[in-house]
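# Observations on chain architecture
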Amino acid sequence: MGTSRLPVSLRDTFGAQRASTRRQLLTREHKRLRDLIFVLFLLRWTRKFLIQLRGRGVIGSVLEAYTYTRRTLYGIFLRLPGIRGRVELEVSETLLKLEKKLVPSGPGVTRYLTLPAEGWTTDQVRAELGKLAEMEHTRWEDGCVSGAVYHGGDELAQLQTEAFGRFTVANPIHPDVFPGVRKMEAEVVAMVLSLFNAPEGAAGVGTSGGTESILMAVLSARQKAYAEKGVTEPEMILPETAHTAFRKAGEYFKIKVHLVACKAPSYKVHLSSVSRLINSNTILLVGSAPNFPHGIIDDISALSKLALRKKIPLHVDCCLGSFLVPFLEKAGFETEAFDFRLKGVTSISCDTHKYGFAPKGNSTVLYRDEQLRRYQYFISPDWSGGVYASVGIAGSRPGALIAGCWAIMMAQGESGYITACHKIVGAAKQIETAIRSHDTLRADLTVIGKPLVSVVAFTSPTLDVYDIADAMSARGWHLNALQNPPAIHVAVTLPIVAAADKLIRDLEEAVREKREAEEKRVVEGKGRKGGAKGDMAALYGVAGSLPNKSIVVQLASGFLDTLYKA
Ligand SMILES: *Cc1c(COP(=O)(O)O)cnc(C)c1O
Ligand SMILES: *[C@@H]1O[C@H](CO)[C@@H](O)[C@H](O)[C@H]1NC(C)=O
Ligand SMILES: *[C@@H]1O[C@H](CO)[C@@H](O)[C@H](O)[C@H]1NC(C)=O
């Protein structure tokens, strides 16, 4: 209003002057803001840099950078014209061979690619199911497969099938329609909680398997850190031997994963490395009891102390240990602390479908308190389909599996599991002792660490250990190949218990055969270690030496594609 009385020219000059001071002010503000952003940027990167240095040390960081560079350069090399074509050709040839092995073809094979126009009679379906069950396969029935079939015996299998039959249509998403299923699932979780000495107020849920149990525990930890501390760039610290489901959780839920070495001779996670990697973004520490590769139990007591001191959740992966680890002591074996009695342990995954002998597709995840369980819930209050609430990943779920699990656990009881633990861990110890003491085995094999449960892993300082695995395959055995370091393992199951003596004899034979081949090679002074390569030696021999594993990724993706070839 004041300015309206000024002469036009004056008003203009005045206005211009004001505009120019304003511009100056603005530029100054602008500059200050720019400086501030720059300082914040510097601070952020300096902080990241310092955290990296503290976490991995100077040498560790340089090594990390070196590995990264080598991987990237090798990746670029693989994509050079000329090289790329060769690689693609090799990959597709390998995949073709794989397909021939996995997907039956030829004139004798009828494939069903569309619905039968008229439905089959039940007899027809039964006959075909019979043929499918009898297809030629590696004989898990004779105890020749490491892990894989965690079977509790024929009688239990029969009972399980009966339980399935009674609850074929049941779905726990409708607890009012299937109250029995709700009751059974709650009871299974309660029983597993008590097995792991859960404190008052602890809670758990049922899941479709170990992977889902782990995904849920990680999700809960991430949500907790976000809700209670505002963490938006979550990180977690894993022993490198922890199950790969944790890396999957990292990818799915956008959590940065730090791997920590598990070095010889104990092969347990290196504690001060874990401690150094902890920072304000850390949402979870992890330990295995035991881990899959070597069957070693990490130092959970020490991890628990660290977790308490740093106020960070600690997950203990007992998926494999499941119904063995809690019974070690009662079965008369040496054990270590691993459960909720350690105050820092906030969650535990335990697979009912491994040594619990429940049907496949069944596991539990346990939390120290109910709030932690809530962090994994999904609730949608305003969906047009109604208020929706689910505990985990699945919506509808098979009630039949819950009934199968409950029936098996009740039929086994504590005494049944103690007996099973006695047999399984006993056989594992027998295999371990043989490797450590029989002359032929001791000379060429080394047991990894000091396994306390059902897995015995070994390397060979003198022979190619994958050759030995292939020689075992030739004798009908299916052992698991491990890498970093090259090794193989046997995960003892009930079917293997009866075959343990034969396994040891065959292993001796396989080692002797490879030793002789090796001696011949040395005498003749030519050829590669151990002579012609079998499947496992070929795959892991090549894969182990590649700085960038994109070829392995291509092969594995192709393998997954093959699974869906009709
Ligand atoms: C088997 C296993 C899991 C989970 O695997 P699923 O196949 O998803 O049940 C997790 N951790 C360990 C150590 C395991 O051996
Ligand atoms: C291989 O290298 C490329 C880049 O050159 C990179 O993008 C890719 O992630 C690497 N793959 C693996 C599996 O290391
Ligand atoms: C068993 O398996 C079913 C199906 O995967 C799952 O819904 C249930 O939660 C599992 N756990 C228990 C304890 O029943």
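As annotated in an unreviewed UniProt entry, the protein carries the name sphinganine-1-phosphate aldolase and is attributed to Cryomyces antarcticus. Its UniProt record gives the protein a comment under Sequence similarities (unreviewed entry), which states: "Belongs to the group II decarboxylase family. Sphingosine-1-phosphate lyase subfamily."

Roughly 1700 Å³ of internal volume is contained in the second largest pocket. Together, 38 residues line the second largest pocket, and Arg-56, Glu-64, Arg-71, Val-257 and Leu-259 are the ones closest to its centre. Breaking the lining of the second largest pocket down by element, the ones donating at least two residues are helix H1 (8-78), strand S3 (256-260), helix H8 (271-277) and helix H16 (535-545). Counting residues per element, the lining of the second largest pocket draws most heavily on H1, at 16 residues. Considering only residue class, the lining of the second largest pocket consists of 13 nonpolar, 12 polar and 13 charged.

At a closest axis distance of 9 Å, the pairing of helix H13 (residues 465-474) and helix H15 (residues 500-524) adopts a crossing angle of 125°. Taken together, the axes of H13 and H15 lie oblique to each other. Crossing geometry of H13 relative to H15 is assigned as right-handed. Seen from H13, the contacting residues are Asp-467, Ile-468, Ala-471 and Met-472; seen from H15, they are Leu-503, Asp-506, Leu-507, Ala-510, Val-511, Glu-513 and Lys-514. When its residues are assigned to classes, the contact of H13 with H15 shows 7 nonpolar, no polar and 4 charged.

Attention shifts here to the site of ligand 2. As a structural note, the neighbourhood of ligand 2 is formed by Arg-71, Thr-72, Gly-75, Ile-76, Arg-79, Asn-548, Lys-549 and Ser-550. Thr-72 places a polar main-chain atom, nitrogen or oxygen, 2.7 Å from an oxygen atom of ligand 2. Against a free-state accessible area of 360 Å², the protein chains account for coverage of 59% of ligand 2. At 4 residues, H1 tops the list of elements feeding residues into the shell around ligand 2. Looking at the shell around ligand 2 residue by residue, the class counts come to 1 nonpolar, 4 polar and 3 charged.

So, on to the domain arrangement of the protein. Split by domain assignment, the protein resolves into domain 1 (159-412) and domain 2 (422-546). With centres defined by C-alpha atoms, the gap from domain 1 to domain 2 works out at 32 Å. The partner domain 2 presents 21 residues to the 21 residues of domain 1 that form the contact. Sorting the residues of domain 1 by area buried against domain 2 places His-294, Phe-333 and Tyr-355 first, and these three jointly supply 30% of that buried surface. Our enumeration of links across domain 1 and domain 2 arrives at 1 salt bridge. Linking Lys-450 and Glu-334 is a salt bridge whose minimum nitrogen-to-oxygen distance equals 2.9 Å. Per-class residue counts for the side of domain 1 that touches domain 2 are 15 nonpolar, 4 polar and 2 charged.

Summed over all chains, the structure comprises 10 aromatic pairs. Centroid distance Phe-41 to Trp-45: 6.3 Å. Interplanar angle 55°. Geometry classified as tilted. Placement of both Phe-41 and Trp-45 in helix H1 is noted, with a separation of 4 residues, approximately one turn of the helix. Ring geometry for Tyr-74 and Phe-77: centres 5.6 Å apart, planes at 40°, overall tilted. With Tyr-74 and Phe-77 both in helix H1 and 3 residues apart, the pair spans about one turn of that helix. The class of Tyr-74 is partly exposed, set by a relative accessible area of 23%.

Here we take up the sheet that holds strand S10 (residues 446-447). One key point about sheets: their strands pair by backbone hydrogen bonds, in either a parallel or an antiparallel sense. Overall, antiparallel pairing links the 4 strands, which are arranged S10-S11-S13-S12 in an open sheet. Both edges of this open sheet fall to S10 and strand S12 (480-482), since each of them pairs with a single strand only. Sheet analysis places S10 next to strand S11 (residues 455-459), joined by 2 bridges and oriented antiparallel. Among the inter-strand pairings, Thr-446 is bridged to a residue of S11, identified as Thr-459.

For the structure shown, the criterion picks out 2 cavities of 30 Å³ or more. Taken as a whole, the largest cavity encloses approximately 60 Å³ of empty space. Forming the walls of the largest cavity are Thr-241, Ala-242, His-243, Ser-288, Pro-290, Asn-291, Phe-292, Asp-317, Cys-319, Leu-320 and Lys-354. Residues of the lining of the largest cavity, tallied by class, amount to 5 nonpolar, 4 polar and 2 charged.

Our next topic: the site of ligand 3. The full set close to ligand 3 counts 13 residues, and Glu-185, Gly-206, Gly-361, Asn-362 and Arg-397 are the nearest of them. Here an oxygen atom of ligand 3 sits 2.4 Å away from a polar atom, N or O, in the side chain of Glu-185. Gly-206 places a polar main-chain atom, nitrogen or oxygen, 3.4 Å from an oxygen atom of ligand 3. Across the complex, the protein chains shield 97% of the 360 Å² of accessible surface that ligand 3 would expose by itself. Of all the secondary-structure elements, those providing two or more residues to the shell around ligand 3 are helix H5 (179-195), strand S1 (203-207), strand S7 (363-367) and helix H11 (399-437). A per-class count over the shell around ligand 3 returns 4 nonpolar, 7 polar and 2 charged.

What counts as what
The residue numbering used here restarts from 1 in each chain and proceeds along that chain's sequence as written. The order in which chains are written sets their letters, starting at A; the order in which ligands are written sets their numbers, starting at 1. Whole-chain, interface and lining totals are the exception, using all residues; otherwise, since this is a predicted model, local features are given only for residues with pLDDT of at least 70 and side-chain atom pairs are given and counted only at 80 or more. For the side-chain quantities, the full set of heavy atoms in the structure was used; hydrogens and water were omitted. UniProt positions are given in the numbering used here, feature names are shortened, and annotations may be inferred rather than shown by experiment. Using a 1 Å grid laid over the protein atoms alone, points where a 1.4 Å probe fits but cannot get out form a cavity; open sets with protein on both sides within 12 Å along at least 5 of 7 lines form a pocket; any residue with an atom within 4 Å of a point counts as lining. Grid points are joined across faces, edges and corners, and a volume is the space filled by probe spheres set on the points. Numbering of helices and strands runs from the N terminus; a helix is a DSSP stretch of H or I covering at least four residues, while a strand is a stretch of E covering at least two. Under the convention adopted here, Pro, Cys and the residues Ala, Val, Leu, Ile, Met, Phe, Trp and Tyr are nonpolar, Asp, Glu, Lys and Arg are charged, and Gly plus all remaining residues are polar. Lines fitted to C-alpha atoms define the axes, with helix axes restricted to the stretch in contact, and inter-axis angles between N-to-C directions lie between 0 and 180 degrees. Each angle is binned into one of four classes, with values under 35 degrees roughly parallel, values over 145 roughly antiparallel, values of 65 to 115 roughly perpendicular, and all other values oblique. Crossings are classed by handedness, with left-handed meaning an anticlockwise turn of the near helix from the far one by less than a right angle and right-handed meaning a clockwise turn. Two residues qualify as a contact provided that any one of their heavy atoms is within 4.5 Å of a heavy atom in the partner residue. If even one non-hydrogen atom of a residue comes within 4 Å of a molecule or strand, that residue is called near it. Polar contacts, as used here, are pairs of N or O atoms within 3.5 Å; protein pairs need one atom able to donate a hydrogen and one able to accept it. Residues neighboring in sequence count only if both atoms are side-chain atoms. Note on areas: Shrake-Rupley, 1.4 Å probe, and residue coverage restricted to the protein chains presented here. Domain delimitation follows an automatic or database domain assignment. Accessible area, probed at 1.4 Å, shrinks when two parts are joined; the buried area is that loss added up over both. We define a salt bridge as a side-chain nitrogen of Lys or Arg found within 4 Å of a carboxyl oxygen belonging to Asp or Glu. Side-chain rings of Phe, Tyr and Trp (the six-membered ring for Trp) are treated as a pair once their centres are within 6.5 Å; stacked means planes under 30 degrees apart, edge-to-face means over 60, and tilted covers the remaining angles. Buried means the residue's accessible area, taken with a 1.4 Å probe over protein chains only, is under 20% of the maximum for its type, while exposed means over 50%, and partly exposed covers the values in between. A strand pair is defined by DSSP finding two or more bridges across the two strands.

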